[in-house]
Amino acid sequence: MTNPKPPQDCADMGELRAAIDMLDVALVRMLRARADYIDRAVELKQVNGWPARIPARVEEVVVNACRTAEAEGLDPALVEGIWRDMVDWSISREAREIPET
């Protein structure tokens, strides 16, 4: 992906929307890659006898994302909601193969 124009360089809504669309494609591709790592986690958790949900790890992931959001000037509450949904989805994906405890 080529980098979209910075927001301040977008002359009109067409350019702005094109840049947002480019970012959306990149986000979806990163989510796809994250799902691949979740699939590998299933294999490793099965080998180790670990459950799909590990509460301490869930909180660690969310806290890390919120810290990053704050450092980047993004609303941590927004990021927390998105990450909790994403982690819940990931655990559901894992739980198809690993029983939750």
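The following paragraphs examine the structure supplied in this document. In this text, all values refer to a predicted model and were calculated from it rather than measured experimentally.

**A short note on the overall build of the protein chain**
Stage number 1. A tally of helices and strands in the protein chain yields three helices and zero strands.
Stage number 2. Mapped in sequence order, the helices and strands of the protein chain form the string α-α-α.
Stage number 3. Rg of the C-alpha trace for the protein chain: 17 Å, well past the compact-globule value of 13 Å for 101 residues, more than 25% over.
Stage number 4. With the C-alpha coordinates of the protein chain rotated into their principal frame, the extents come out at 55 × 25 × 15 Å.
Stage number 5. Out of the 101 residues in the protein chain, the part that is buried amounts to 24%.
Stage number 6. Residue pairs at least 24 apart in sequence account for 57% of intrachain contacts in the protein chain once pairs closer than 6 positions are excluded.
Stage number 7. Total accessible area computed for the protein chain in this model is approximately 7,400 Å², and 59% of it derives from carbon and sulfur atoms.
Stage number 8. The averaged location of the 19 negative side-chain charges in the protein chain is 5 Å from the averaged location of its 13 positive side-chain charges.

**A few points about the nonpolar core**
Stage number 1. Counting residues in each nonpolar core, the largest one holds seven residues, listed as Val42, Ala52, Val58, Val61, Val87, Ile91 and Ile98.
Stage number 2. Among the secondary structure elements, those contributing two or more residues to this core are α2 (55-71) and α3 (76-95).
Stage number 3. Beyond its immediate stretch of four places on either side in the chain, Ile98 contacts Val42, Lys45, Gln46, Trp50, Pro51 and Ala52.

**Topic: the side chain of Arg93**
Stage number 1. You can see Arg93 is positioned in helix α3.
Stage number 2. Setting aside chain neighbours within four positions, we find Arg93 in contact with Arg32, Ala35, Ile38 and Asp39.

**Some words on helix α1 (residues 13-48)**
Stage number 1. Across its 36 residues, α1 extends 51 Å between first and last C-alpha, which sits within 8% of the 52 Å expected from 1.5 Å per residue.
Stage number 2. Turning to α1, its buried residues are Ala19, Ala26, Ala35, Ile38, Ala41, Val42 and Lys45.
Stage number 3. Where α1 is buried, its residues touch α3.
Stage number 4. Where α1 begins, the side chain of Asp12 points an oxygen toward the backbone nitrogen of Gly14, at a separation of 3.0 Å.

**A closer look at the environment of Glu60**
Stage number 1. As for its placement among the helices and strands, Glu60 is situated in helix α2.
Stage number 2. On the basis of relative accessibility, which here comes to 41%, the residue Glu60 falls in the partly exposed class.
Stage number 3. The spacing of Glu60 and Trp89 is 29 residues in sequence and 16 Å in space, taken between C-alpha atoms.

The rules we used
- Residues numbered from 1 in each chain as written.
- Predicted model: local features only at pLDDT ≥ 70, side-chain atom pairs only at ≥ 80, totals over all residues.
- Heavy atoms only, no water.
- Helix = DSSP H or I, 4+ residues; strand = E, 2+ residues; numbered from the N terminus.
- Rg over C-alpha atoms; globule rule 2.2 N^0.38 Å.
- Buried < 20%, exposed > 50% of the residue type's maximum accessible area, 1.4 Å probe, protein only.
- Contact = heavy atoms within 4.5 Å.
- Areas by Shrake-Rupley, 256 points an atom, 1.4 Å probe, with all protein chains shown as cover.
- Lys, Arg positive; Asp, Glu negative; His and termini not counted.
- Charge placed at Lys NZ, Arg CZ, Asp CG, Glu CD.
- Core = buried A, V, L, I, M, F, W, Y, C linked by side-chain atoms within 4.5 Å.
- Expected span 1.5 Å × (residues − 1).
- Polar contact = N/O pair within 3.5 Å; in protein donor to acceptor, adjacent residues only side chain to side chain.

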